[in-house]
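Geometric and topological summary
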Amino acid sequence: MDSELVQAIAVLARTQQDAVWAHPATLDAFARHKHGVCSREARRILAAAPTPTSAAKLTGRRLQPLLKQAGRIRGIQAEAERLHEVFKRDYLTSSRRSRRLSGIRLPLCSGS
(Lines give C-alpha, C1' and ligand atoms only; values in the text may rest on other atoms or scores of the structure.)
Protein backbone atom coordinates (compact mmCIF):
# COMPACT_ATOMS: atom_id res chain seq x y z
CA MET A 1 0.00 0.00 0.00
CA ASP A 2 2.74 2.46 0.95
CA SER A 3 4.71 1.77 -2.21
CA GLU A 4 1.61 2.52 -4.31
CA LEU A 5 1.18 5.82 -2.51
CA VAL A 6 4.85 6.69 -3.02
CA GLN A 7 4.52 5.85 -6.72
CA ALA A 8 1.42 8.02 -7.03
CA ILE A 9 3.15 10.95 -5.34
CA ALA A 10 6.16 10.54 -7.63
CA VAL A 11 3.92 10.60 -10.70
CA LEU A 12 2.13 13.71 -9.46
CA ALA A 13 5.38 15.48 -8.68
CA ARG A 14 6.74 14.67 -12.14
CA THR A 15 3.52 15.89 -13.79
CA GLN A 16 3.76 19.18 -11.92
CA GLN A 17 7.44 19.54 -12.81
CA ASP A 18 6.67 18.86 -16.48
CA ALA A 19 3.91 21.45 -16.39
CA VAL A 20 6.24 24.11 -15.02
CA TRP A 21 8.91 23.28 -17.57
CA ALA A 22 6.64 22.80 -20.58
CA HIS A 23 3.91 25.39 -20.14
CA PRO A 24 5.07 28.35 -18.04
CA ALA A 25 2.55 30.69 -19.65
CA THR A 26 -0.37 28.63 -18.41
CA LEU A 27 1.00 28.62 -14.89
CA ASP A 28 1.45 32.38 -15.10
CA ALA A 29 -1.99 32.92 -16.62
CA PHE A 30 -3.79 31.06 -13.84
CA ALA A 31 -1.51 31.80 -10.90
CA ARG A 32 -4.10 34.06 -9.24
CA HIS A 33 -7.03 31.77 -9.95
CA LYS A 34 -8.40 29.96 -6.91
CA HIS A 35 -7.86 26.54 -8.53
CA GLY A 36 -4.83 27.49 -10.65
CA VAL A 37 -4.21 25.20 -13.61
CA CYS A 38 -6.89 22.87 -12.25
CA SER A 39 -9.60 25.46 -12.90
CA ARG A 40 -12.23 24.71 -15.52
CA GLU A 41 -10.94 27.60 -17.61
CA ALA A 42 -7.34 26.36 -17.56
CA ARG A 43 -8.37 22.80 -18.35
CA ARG A 44 -10.55 23.94 -21.27
CA ILE A 45 -7.76 26.09 -22.71
CA LEU A 46 -5.17 23.32 -22.25
CA ALA A 47 -7.49 20.92 -24.06
CA ALA A 48 -7.69 23.34 -27.00
CA ALA A 49 -4.01 24.33 -26.90
CA PRO A 50 -1.88 21.74 -25.08
CA THR A 51 1.51 23.22 -26.05
CA PRO A 52 3.04 26.66 -25.51
CA THR A 53 3.17 27.19 -29.28
CA SER A 54 -0.52 26.40 -29.75
CA ALA A 55 -1.47 28.58 -26.76
CA ALA A 56 0.51 31.48 -28.21
CA LYS A 57 -1.58 31.22 -31.38
CA LEU A 58 -4.88 31.62 -29.53
CA THR A 59 -6.42 34.99 -30.22
CA GLY A 60 -8.66 36.87 -27.85
CA ARG A 61 -11.53 36.07 -30.19
CA ARG A 62 -10.75 32.31 -30.00
CA LEU A 63 -10.29 32.41 -26.22
CA GLN A 64 -13.74 33.93 -25.59
CA PRO A 65 -15.75 30.81 -26.54
CA LEU A 66 -13.32 28.62 -24.59
CA LEU A 67 -13.93 30.72 -21.49
CA LYS A 68 -17.71 30.52 -22.04
CA GLN A 69 -17.50 26.73 -22.47
CA ALA A 70 -15.65 26.59 -19.16
CA GLY A 71 -18.53 28.38 -17.47
CA ARG A 72 -17.28 31.97 -17.28
CA ILE A 73 -20.14 34.46 -17.33
CA ARG A 74 -18.64 37.90 -16.64
CA GLY A 75 -15.60 39.72 -17.98
CA ILE A 76 -15.10 37.29 -20.84
CA GLN A 77 -13.62 39.74 -23.32
CA ALA A 78 -11.24 41.30 -20.80
CA GLU A 79 -10.10 37.88 -19.54
CA ALA A 80 -9.61 36.62 -23.09
CA GLU A 81 -7.42 39.62 -23.91
CA ARG A 82 -5.43 39.18 -20.69
CA LEU A 83 -4.84 35.51 -21.44
CA HIS A 84 -3.86 36.31 -25.02
CA GLU A 85 -1.23 38.74 -23.74
CA VAL A 86 0.14 36.16 -21.30
CA PHE A 87 0.25 33.34 -23.85
CA LYS A 88 2.06 35.36 -26.49
CA ARG A 89 4.89 36.41 -24.13
CA ASP A 90 8.30 34.92 -24.78
CA TYR A 91 9.24 33.02 -21.64
CA LEU A 92 12.95 32.64 -20.94
CA THR A 93 12.40 29.06 -19.84
CA SER A 94 10.95 28.11 -23.21
CA SER A 95 13.11 26.10 -25.53
CA ARG A 96 12.65 24.45 -28.88
CA ARG A 97 12.34 21.11 -27.16
CA SER A 98 9.63 22.28 -24.77
CA ARG A 99 7.67 23.91 -27.60
CA ARG A 100 7.65 20.59 -29.45
CA LEU A 101 6.23 18.68 -26.51
CA SER A 102 2.95 17.01 -27.19
CA GLY A 103 1.37 18.93 -24.33
CA ILE A 104 0.90 18.38 -20.66
CA ARG A 105 -1.64 16.31 -18.86
CA LEU A 106 -3.07 17.21 -15.50
CA PRO A 107 -4.67 13.98 -14.29
CA LEU A 108 -5.37 15.29 -10.79
CA CYS A 109 -7.47 18.09 -12.19
CA SER A 110 -9.79 15.91 -14.24
CA GLY A 111 -12.27 15.58 -11.39
CA SER A 112 -12.45 19.29 -10.57
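Residues numbered from 1 in each chain as written. Predicted model: local features only at pLDDT ≥ 70, side-chain atom pairs only at ≥ 80, totals over all residues. Heavy atoms only, no water.

Things to note about the overall build of the protein
- On a plain count of helices and strands, the protein comes out with 7 helices and 0 strands.
- Counting from the amino terminus, the protein carries its helices and strands in the arrangement α-α-α-α-α-α-α.
- Every one of the 112 residues in the protein was classed for burial, and the buried ones make up 35%.
- Carbon and sulfur atoms make up 54% of the accessible area of the protein, which amounts to about 7,400 Å² in all. (Helix = DSSP H or I, 4+ residues; strand = E, 2+ residues; numbered from the N terminus. Buried < 20%, exposed > 50% of the residue type's maximum accessible area, 1.4 Å probe, protein only. Areas by Shrake-Rupley, 256 points an atom, 1.4 Å probe, with all protein chains shown as cover.)

Thoughts on the side chain of glutamate 79
- Along the chain, the position of glutamate 79 falls in helix α6 (residues 76-88).
- Within polar-contact distance, the side chain of glutamate 79 engages the side chain of arginine 82 at 2.9 Å.
- Excluding anything up to four places from it in sequence, glutamate 79 contacts Glu41, Leu67 and Arg72. (Polar contact = N/O pair within 3.5 Å; in protein donor to acceptor, adjacent residues only side chain to side chain. Contact = heavy atoms within 4.5 Å.)

Let's talk about the nonpolar core
- Counting 16 residues, the largest nonpolar core has Phe30, Ile45, Leu63, Leu83 and Phe87 as its most contacted members.
- Those elements that provide at least two residues to this core are α2 (24-29), α3 (40-48), α5 (60-69) and α6.
- Broken down by element, this core gets its largest block of residues, 5 residues, from α6.
- Beyond its immediate stretch of four places on either side in the chain, phenylalanine 87 contacts Ala25, Thr26, Ala29, Phe30, Ile45, Ala55, Ala56 and Leu63. (Core = buried A, V, L, I, M, F, W, Y, C linked by side-chain atoms within 4.5 Å.)

Remarks on the environment of alanine 70
- For alanine 70, the position within the fold is in the loop between α5 and α6.
- Residues alanine 70 and alanine 42, spaced 28 residues apart in sequence, show a C-alpha to C-alpha distance of 8.5 Å.

Description of the pattern of salt bridges
- Tallied over the full model, the rule gives 4 salt bridges.
- Measuring nitrogen to oxygen at the nearest pair gives 2.8 Å for the salt bridge that ties aspartate 28 to arginine 89. You can see aspartate 28 sitting in helix α2 and its partner arginine 89 sitting in the loop between α6 and α7 (96-99), a full 61 residues away along the chain.
- Using a relative accessible area of 36% as the deciding quantity, one classes aspartate 28 as partly exposed.
- Between lysine 88 and glutamate 85 there is a salt bridge whose closest N-O contact spans 3.4 Å. (Salt bridge = Lys/Arg side-chain N within 4 Å of Asp/Glu carboxyl O.)

Don't take any of this as a statement about function, it's just geometry.
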